[in-house]
Amino acid sequence: MLVPQDMVTVQSKTIFQINKYYAEKVQVRMGNIALVLREICKIVQEVLREVEVQEPRFISSLVECNGRYEGLEVISPTAFEVVLYLNQMGVFNFVDDGSLPGAAVLKLSDGRKRSMSLWVEFITASGYLSARKIRSRFHTLVAQAVEKCPYRDMVKLVPDTTEVKLRIRERYTVQITPAFKCTGIWPRSAAHWPILNIPWPHPALVAEVKTEGFDLLSKESVILQGKNANVEGDAWLLHFTEAENRLLQGGYRKRCLSILKTLCDRHLELPGVPIGYYHLKTLLLYECEKHPRETEWDAGCVADRLNGIFLQLISCLQCRRCPHYFLPSLDLFKGKSPTVLDNASKHVWRLCRDILTSSKAFDRL
């Protein structure tokens, strides 16, 4: 099929603009964040080293590997989360019965004695390993470690929360979350994935993702509020970061995500924080399903993919619901007010309209 010359010219200009934006804005942002991470990880590692001295069960898993830190996630340019992987989960059964969307419990295996568990004092009378009790103990240990570590003048524990959050240099916030890594199993609540008759992801990639598994996190969450107080405290949140990252390998998928994050930082920091990196990552995964062929993720398609994701985001904001990729019954907008979501919808539409109608939009963005 012959393509009109002017269309070829427009596409070439768009590719040039996006590549220029990536070099001048996206890579600069990534470089700045990398510098921040190097500094704050050094401080967090020191705090966790002191925690480990006090309590050897909490062994730091924050290590650098191939230029990235294991278990570290960038929430925003000034907010980060470190997942601290605990060990010895073996004597517990993973119970995912759907009663707590987005969460599950760890129950002592039948016939097992509490004394066989490394975490004996955190097991409830019903035999559950309490996420809240472990977090409470970890909170106490971190508070003591902060007082002893060499960086105590520049780091403090954020008060009035059960979460373990460090404030560094009065500018950066780092949440440290105790977690268990669950490899070789897949949660029943995500058993519908992947959807049948959709060519993406490839079965080999699906098998890889399911073998990689998921994490269970001990943290507060709006999704558990209003549930049974005891069960809520014992429950662990399902977390799929590694699975998601594996799915985004290949083509320009990760480049799309980096561009989306940069646009979010520069144009979508809105009152009530309705839109975060995780919303964009989730919608990127849905976009991968809609465009399963690798040819739809090359340089010439990046603008179309970005527009598709922003239009989907507008739809979600207007419907006031953003379904989690692996757990679609879970709404990622839960707890956000309709006013905040409506305001965000208008901002995203202005951004999307600019990209759709102007070949020079990325010069201004």
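Keep in mind that this is a model prediction, so the values were computed, not measured.

**Describing the pattern of salt bridges**
- By the definition in use, this model includes 21 salt bridges.
- A salt bridge links R57 to E55; the shortest N-O distance between them is 3.1 Å.
- E55 gets classed as buried once you look at its relative accessible area, which sits at 10%.
- Residue K156 pairs with E170 through a salt bridge whose shortest N-O separation is 3.1 Å. Note that K156 is positioned in strand β7 (residues 155-157) and E170 in the loop between β8 (165-168) and β9 (172-182), a separation of 14 residues in sequence.
- It is possible to trace a salt-bridge network through shared partners that takes in E55, R57, E121 and R137.

**Some remarks on a nonpolar patch on the surface**
- Side chains of L311, W349 and L356 sit close together on the surface and give an oily, nonpolar patch of about 280 Å² of accessible area.
- By the secondary structure assignment, L311 is in helix α8 (residues 302-319).

**Side note on the domain arrangement of the protein**
- Taken as a whole, the protein is organised into domain 1 (36-240) and domain 2 (250-364).
- Taken over C-alpha atoms, the centre of domain 1 sits 27 Å from the centre of domain 2.
- Tallying the contact residues gives 19 residues for domain 1 and 16 residues for domain 2.
- Taken over both partners, the interface formed by domain 1 and domain 2 buries close to 1600 Å², and the fraction arising from carbon and sulfur atoms is 70%.

**Quick word on the nonpolar core**
- Membership of the largest hydrophobic core comes to 117 residues, with the highest contact counts inside it found for L129, L166, I176, I259, F310 and F326.
- If you tally residues by element for this core, the top one is helix α1 (residues 5-54), at 14 residues.
- In this structure, L166 is in contact with V44, V47, V142, V146, V155, K156, L157, V158, Y172, T173, V174 and I176, ignoring residues within four places of it in sequence.

**Describing the packing of helix α6 (residues 253-267) against α8**
- Running from amino to carboxyl end, α6 crosses α8 at an angle of 55°, the nearest separation of the two axes being 11 Å. Classified by the angle their axes make, α6 and α8 are oblique. When the axes of α6 and α8 are compared, the crossing they make is right-handed. Where α6 abuts α8, its residues C256, I259, L260 and L263 lie against V302, R305, L306, I309 and F310.

**Observations concerning the pairing of strand β11 (residues 236-239)**
- Relative to β11, strand β6 (residues 103-108) is paired through two bridges, and the arrangement is antiparallel. By the bridge assignment for β11, A103 is matched with L237.
- In this structure, strand β10 (residues 214-217) lies alongside β11, joined through three bridges in antiparallel fashion. Pairing of D215 across the sheet is with H239, part of β11.

**Side note on empty space enclosed by the protein**
- The full count for this structure, using the stated rule, is two cavities of 30 Å³ or more.
- Taken as a whole, the largest cavity holds about 40 Å³ of empty space.
- What lines the largest cavity is K181, E212, G213, F214, D215, H239, F240, T241, E242 and A243.
- Taken together, the elements giving at least two residues each to the lining of the largest cavity come down to β10 and α5 (241-247).
- Examining the composition of the lining of the largest cavity, we find that three residues originate from one element, α5, more than from any other.
- Residues of the lining of the largest cavity, tallied by class, amount to three nonpolar, three polar and four charged.
- The computed volume of the second largest cavity comes to approximately 30 Å³.
- Looking at the lining of the second largest cavity, its residues break down into five nonpolar, one polar and one charged.

**Here's the deal with α6**
- Along its 15 residues, α6 runs 21 Å from first to last C-alpha, staying within 8% of the 21 Å computed at 1.5 Å per residue.
- Those residues of α6 that fall on the buried side of the exposure criterion are R253, C256, L257, S258, I259, L260, T262, L263, C264 and D265.

Calculation rules
- Residues numbered from 1 in each chain as written.
- Predicted model: local features only at pLDDT ≥ 70, side-chain atom pairs only at ≥ 80, totals over all residues.
- Heavy atoms only, no water.
- Salt bridge = Lys/Arg side-chain N within 4 Å of Asp/Glu carboxyl O.
- Buried < 20%, exposed > 50% of the residue type's maximum accessible area, 1.4 Å probe, protein only.
- Helix = DSSP H or I, 4+ residues; strand = E, 2+ residues; numbered from the N terminus.
- Patch = residues over 30% accessible without salt bridge, like charges linked within 9 Å, V, L, I, M, F, W, Y side chains within 5 Å.
- Areas by Shrake-Rupley, 256 points an atom, 1.4 Å probe, with all protein chains shown as cover.
- Domains from an automatic or database assignment.
- Contact = heavy atoms within 4.5 Å.
- Buried area = accessible area lost by both parts, 1.4 Å probe.
- Core = buried A, V, L, I, M, F, W, Y, C linked by side-chain atoms within 4.5 Å.
- Axes fitted to C-alpha atoms, helices over the stretch in contact; angles between N-to-C directions.
- Parallel < 35°, antiparallel > 145°, perpendicular 65-115°, else oblique.
- Left-handed = near helix turned anticlockwise from the far one by under 90°.
- Pairing = 2+ DSSP bridges.
- 1 Å grid on protein atoms, 1.4 Å probe; cavity = no way out; pocket = protein on both sides within 12 Å on 5 of 7 lines; lining within 4 Å.
- Points joined across faces, edges and corners; volume = space filled by probe spheres on them.
- Nonpolar A, V, L, I, M, F, W, Y, C, P; charged D, E, K, R; others polar.
- Expected span 1.5 Å × (residues − 1).

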